[in-house]
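# Close look at the chain arrangement
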Amino acid sequence: MTVLAIRQLESYSEHSVVFPAFTMELTRHEAVALHTGMNVRSVLLGMLTGKLPVTGGEICINGHIYTGRIREAAPDTGFLLLEEGHYTRLTVKENLRFYSKLYGSGRPVDEIIRMVRLDTKAGVRLSALSHSERKRVQYARLIIQDPQLLICEEPDQNVDNETKLVFRRLVQQVCESGKAVLIITGNMETALSVTNQVYRLDEKGLQAFDIQAGEESSTGSAVSEQDADTYRQSADEAEPLPEEGGHPDSEMSTEDELPDEAGQTLQLFRFEKIPTRMNDKIILFNPPEIDYVESSDGQTRLSIGGELYPTAFKINELEERLHSYGFFRCHRSYLVNLQKVREVITFTRNSYSLVLDDTAKTSVPLSKTKMAELKEMMGLK
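Note that this is a predicted model, so its numbers are computed, not measured.

Counting its regular elements, the protein contains nine helices and 23 strands. Within the protein, the proportion of its 381 residues that are buried is 46%. Of the contacts formed within the protein by residues at least 6 apart in sequence, a portion of 59% connects residues at least 24 apart. As presented, the protein carries roughly 20000 Å² of accessible surface, and 46% of it is formed by carbon and sulfur atoms.

Further remarks concern the pairing of strand S18 (residues 307–311). What you see with S18 is a clean split: Glu307, Tyr309 and Thr311 sit on the buried side and Leu308 and Pro310 on the side with no burial. Pairing geometry for strand S17 (residues 299–304) and S18, over five bridges, is antiparallel. Among the inter-strand pairings, isoleucine 304 is bridged to a residue of S18, identified as glutamate 307. Here S17 folds back onto S18 in antiparallel fashion, the turn holding two residues, of which glycine 305 has a positive phi close to 60 degrees.

On to unusual backbone geometry, then. If you check the backbone angles, aspartate 146 has positive phi at about 55 degrees while not being a glycine. By the secondary structure assignment, aspartate 146 is in the loop between helix H4 (131–145) and strand S7 (149–153). On the accessibility criterion, aspartate 146 (46% relative accessible area) is partly exposed. For glutamate 154, which is not glycine, the phi torsion reads 40 degrees and is therefore positive. With respect to the helices and strands, the residue glutamate 154 is situated in the loop between S7 and helix H5 (161–176). Overall, glutamate 154 belongs to the buried group, its relative accessible area being 5%.

Bringing the packing of helix H2 (residues 92–103) against H4 into the picture now. H4 packs onto H2 with a crossing angle of 25 degrees between their chain directions and a minimal axis gap of 9 Å. It follows from the interaxial angle that H2 and H4 lie roughly parallel. Two packed elements cross with a definite hand, and for H2 against H4 that hand is right-handed. Residues Val92, Leu96, Tyr99, Ser100 and Tyr103 of H2 pack against Val137, Ala140, Arg141, Ile144 and Gln145 of H4. Counted by class, the contact of H2 with H4 contains seven nonpolar, two polar and one charged residues.

Where H4 meets H5, the axes come as close as 10 Å, and the angle between the chain directions of the two elements is 15 degrees. Taken as axis vectors, H4 and H5 run roughly parallel relative to one another. The handedness of the crossing between H4 and H5 is left-handed. On H5, the residues that touch Ser132, Lys135, Arg136, Tyr139 and Ile143 of H4 are Glu162, Thr163, Val166, Phe167 and Leu170. Grouping the constituent residues of the contact of H4 with H5 by class yields five nonpolar, two polar and three charged.

Attention now moves to the pairing of strand S19 (residues 327–331). S19 sits mainly inside the fold: four of its five residues count as buried. In the sheet, S19 pairs with strand S20 (residues 334–337) via three bridges, with the strands oriented antiparallel. Within S20, the position partnered with histidine 331 by the bridge is tyrosine 334. Connecting the antiparallel pair S19 and S20 is a turn made up of two residues.

Let's shift gears to helix H1 (residues 38–49). Taking 1.5 Å per residue, 12 residues should reach 16 Å; H1 reaches 16 Å between its end C-alpha atoms and fits that length. Looking one or two residues beyond H1, the residue adopting positive phi is glycine 50, at roughly 90 degrees.

Moving on, we come to the pattern of salt bridges. Scanning the entire structure with this criterion turns up 15 salt bridges. Notably, a salt bridge pairs arginine 107 with glutamate 111, separated by 3.1 Å at the nearest N-O pair. Overall, the relative accessible area of 36% leaves arginine 107 in the partly exposed class. For aspartate 146, the salt bridge is made with lysine 179, and the minimal N-O distance between the two is 3.4 Å. Note that aspartate 146 is positioned in the loop between H4 and S7 and lysine 179 in the loop between H5 and strand S8 (180–185), a separation of 33 residues in sequence. Judged by relative accessible area, lysine 179 falls into the buried class, the value being 9%. One network of salt bridges, in which partners are shared, links Arg117, Arg136, Asp160 and Glu162.

Thresholds applied
- Residues numbered from 1 in each chain as written.
- Predicted model: local features only at pLDDT ≥ 70, side-chain atom pairs only at ≥ 80, totals over all residues.
- Heavy atoms only, no water.
- Helix = DSSP H or I, 4+ residues; strand = E, 2+ residues; numbered from the N terminus.
- Buried < 20%, exposed > 50% of the residue type's maximum accessible area, 1.4 Å probe, protein only.
- Contact = heavy atoms within 4.5 Å.
- Areas by Shrake-Rupley, 256 points an atom, 1.4 Å probe, with all protein chains shown as cover.
- Pairing = 2+ DSSP bridges.
- Axes fitted to C-alpha atoms, helices over the stretch in contact; angles between N-to-C directions.
- Parallel < 35°, antiparallel > 145°, perpendicular 65-115°, else oblique.
- Left-handed = near helix turned anticlockwise from the far one by under 90°.
- Nonpolar A, V, L, I, M, F, W, Y, C, P; charged D, E, K, R; others polar.
- Expected span 1.5 Å × (residues − 1).
- Salt bridge = Lys/Arg side-chain N within 4 Å of Asp/Glu carboxyl O.

Here is the structure:
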């Protein structure tokens, strides 16, 4: 059963696109994260809460279609907003008793206080609580409300680890009870911590992240070489190729052929995506998604949509893998996707920079020797 359906929803601001028309659905037992920038997030939440009109497309919640301003969805929808008022003069228990009466809940308040780990704070006023503890009071309010659809804005921003754990368990319980959760955040770690279904929404539209659940490594840190090798193979049964320098698959393509034991020719499939790890999950990025690659302090990172993702590949290996996609080694520590470059700026005779075609006008360094090589590539003198 579909709990939330967004159909051809779009938003424009004067002459710019906030987000083009997109469609997505949430069904029962499902949690989905939308990774967005601040402007997209505020506009989308404005439409979902009814503060902004739905000017293009429609929003459907539990079978009720809303165009214009959403007015009647509140009973079915619970909101966890970044800026939310509190009754700070009331204690934790008094707050939750008030919400219990408001929503007509018969669930014991003491039980809910234990669920959000505020046992020792039940008699403390909200004004004396920490930011993380007040956030857990918000979680408790949602448990009492028990909505069919839970929409969360930056649900664990600047909170402690205990509060993050409480939120993850809340999402799990909501989904297990047959309800749905939509998380809208600019933090990829938040998105990946609670769901494997993550989408990016920006001025280019809605795009799904290719995510595979991974197992924790022994160190719990970045992708190991063994993990990376696993995800660079085309199938679980694929045999590793003889290494001729670099990673064993660095020269693989759809045209490569190897004889098998019977002397027959086998065609090999080239695995093009670049794996990165966030928490215990692996994201596979298509090369054209990458804006640039940077290497510092022995760690190589991919920059995608303003966020950095660690990868097990060295920058020299990525230079070889990404060359055919139009990536250029503009500096000893940087690879840039030339399709994303808007301007080449000269600061001094020996100082250059590449400006990318993004909203932040990201700047990537260009060395003097690489400037000459780039000019030759572009046919400039």
